[in-house]
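Close look at the chain arrangement
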Amino acid sequence: MTCRTYNEYNIRYLGWYTTSVSSHNNPGDRELQIDSTEFWLVSDMNANSTVMPSLDTDTNLMSIGNNEIPDTETYYWLAPQQYTGNRIGSYSLNLEFSVSWIVMRGDTSGIPTQVPDIILIGSNGLRIGSGNSQYDSRDNLTLSLPLLESHFYHIPPGLNDIIAEFTSEEMYMGGAVTKEQFLSVLTDVKHVLLRAKYHTDQAETSLSWARLETGSEDPSGQGELLDNIEQCTCPLGYRGLSCESCDFGYARVLPDNEHRHAVCTLCDCNKHAATCDPMSGQCSVSINNS
């Protein structure tokens, strides 16, 4: 059995328990409260162009009007920073959110859209999506999507928007995502995008809440015990659940054309520093050797 793809590593299963990173609009909720537009944004499917949503004082929901997002047909809720970074501990767990939307009044020829329900963008440049259903319910639709490679597909790099009337699912649903590729995204998630557009004649959409489950070691034994969080026994120079990070005193070095991954190598500081930056390799403050 493999962890990532560097080598054959031993795997052990820890006593990890489910916790969650949550965003709610309920002022009485003791978890993270979203009571302003500081945390969430609305963006295109590349997270390049963003718009700040408004807080509806009547419903206490974050909302965005379709006319507030110019030149973008398919748009997404862009999750705040606490959903990004190293999310290896969320492997096989769920990303959930609840949304509502309003369709323009009158007799229209609009149809429900069929686009990715969530998009994950890794710092390595991979962009993967999950789900692509049409939904008729417009009130408090709750989606729960497992973070497993079998539920994801590649989104072509050159695709910047999905126009429902002219884009078939074959144009945005690329090949299957391997476990290696999926873990490489979870190692350093750059953006988490939750679907905000559900109908071609949609006038407004609202986000009620969102939750990302994650695993953590819990010595008290509280919470639901997980049996599929992998802990790799890493070789020298590596650390992390899937050996995704460089250990103290090692730096990540870009590979040559014969390798598929960056490798962790011993810091080259000529004994003038104890360690170096794990990404750049730059040595830390010099040690006085006198």
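This is a predicted model, so every value here is computed, not measured.

With that settled, the discussion passes to the confidence of the model for the chain. In the predicted model, the chain carries a mean pLDDT of 77, and the fraction of residues at 70 or more is 72%. pLDDT under 50 marks residues 1-17. Its contacts with residues more than four places away, or in other chains, come to 69 contacts.

So, on to the pairing of strand β13 (residues 189-195). The element β13 is largely enclosed, with a buried count of 6 among its 7 residues. Strand direction decides the pairing type here: strand β7 (residues 76-78) and β13, joined by 3 bridges, are antiparallel. Among the inter-strand pairings, leucine 78 is bridged to a residue of β13, identified as leucine 193.

Turning our attention to the pattern of salt bridges. Here the structure, examined in full by the defined rule, presents 4 salt bridges. Linking lysine 197 and glutamate 73 is a salt bridge whose minimum nitrogen-to-oxygen distance equals 3.6 Å. Note that lysine 197 is positioned in the loop between β13 and β14 (202-217) and glutamate 73 in the loop between β6 (61-65) and β7, a separation of 124 residues in sequence. We classify lysine 197 as buried; its relative accessible area is 2%. According to the relative accessible area criterion, glutamate 73 is partly exposed, its value standing at 22%. Residues arginine 211 and glutamate 96 are paired through a salt bridge, measuring 2.4 Å at the closest nitrogen-oxygen approach. Taken together, the residues arginine 211 in strand β14 and glutamate 96 in strand β8 (residues 94-103) connect sequence positions 115 residues apart. Given a relative accessible area of 29%, arginine 211 falls into the partly exposed group.

Mapped onto the secondary structure, proline 146 falls in strand β11 (residues 141-146). Given the relative accessible area of 18%, proline 146 is considered buried. For the pair formed by proline 146 and tyrosine 91, sequence separation is 55 residues and the distance between their alpha carbons is 8.3 Å. Dropping the residues within four chain positions of it, proline 146 is found in contact with Leu93, Asn94, His151 and Phe152.

Time to look at the pairing of strand β9 (residues 118-122). Most of β9 sits inside the fold, with 5 of its 5 residues counted as buried. Here β9 shows two buried faces, one formed by Ile118, Leu120 and Gly122 and the other by Ile119 and Ile121. As defined by bridge partners, β9 adjoins strand β10 (residues 127-130) across 4 bridges and the pair is classed as antiparallel. Paired with isoleucine 121 across the two strands is arginine 127, which belongs to β10. Summarising the sheet, β9 and β13 pair through 5 bridges and their orientation is antiparallel. Each residue of the ladder has a partner; that of isoleucine 121, found in β13, is histidine 191.

What counts as what
Residues numbered from 1 in each chain as written. Predicted model: local features only at pLDDT ≥ 70, side-chain atom pairs only at ≥ 80, totals over all residues. Heavy atoms only, no water. pLDDT = per-residue confidence, 0-100. Contact = heavy atoms within 4.5 Å. Buried < 20%, exposed > 50% of the residue type's maximum accessible area, 1.4 Å probe, protein only. Helix = DSSP H or I, 4+ residues; strand = E, 2+ residues; numbered from the N terminus. Pairing = 2+ DSSP bridges. Salt bridge = Lys/Arg side-chain N within 4 Å of Asp/Glu carboxyl O.

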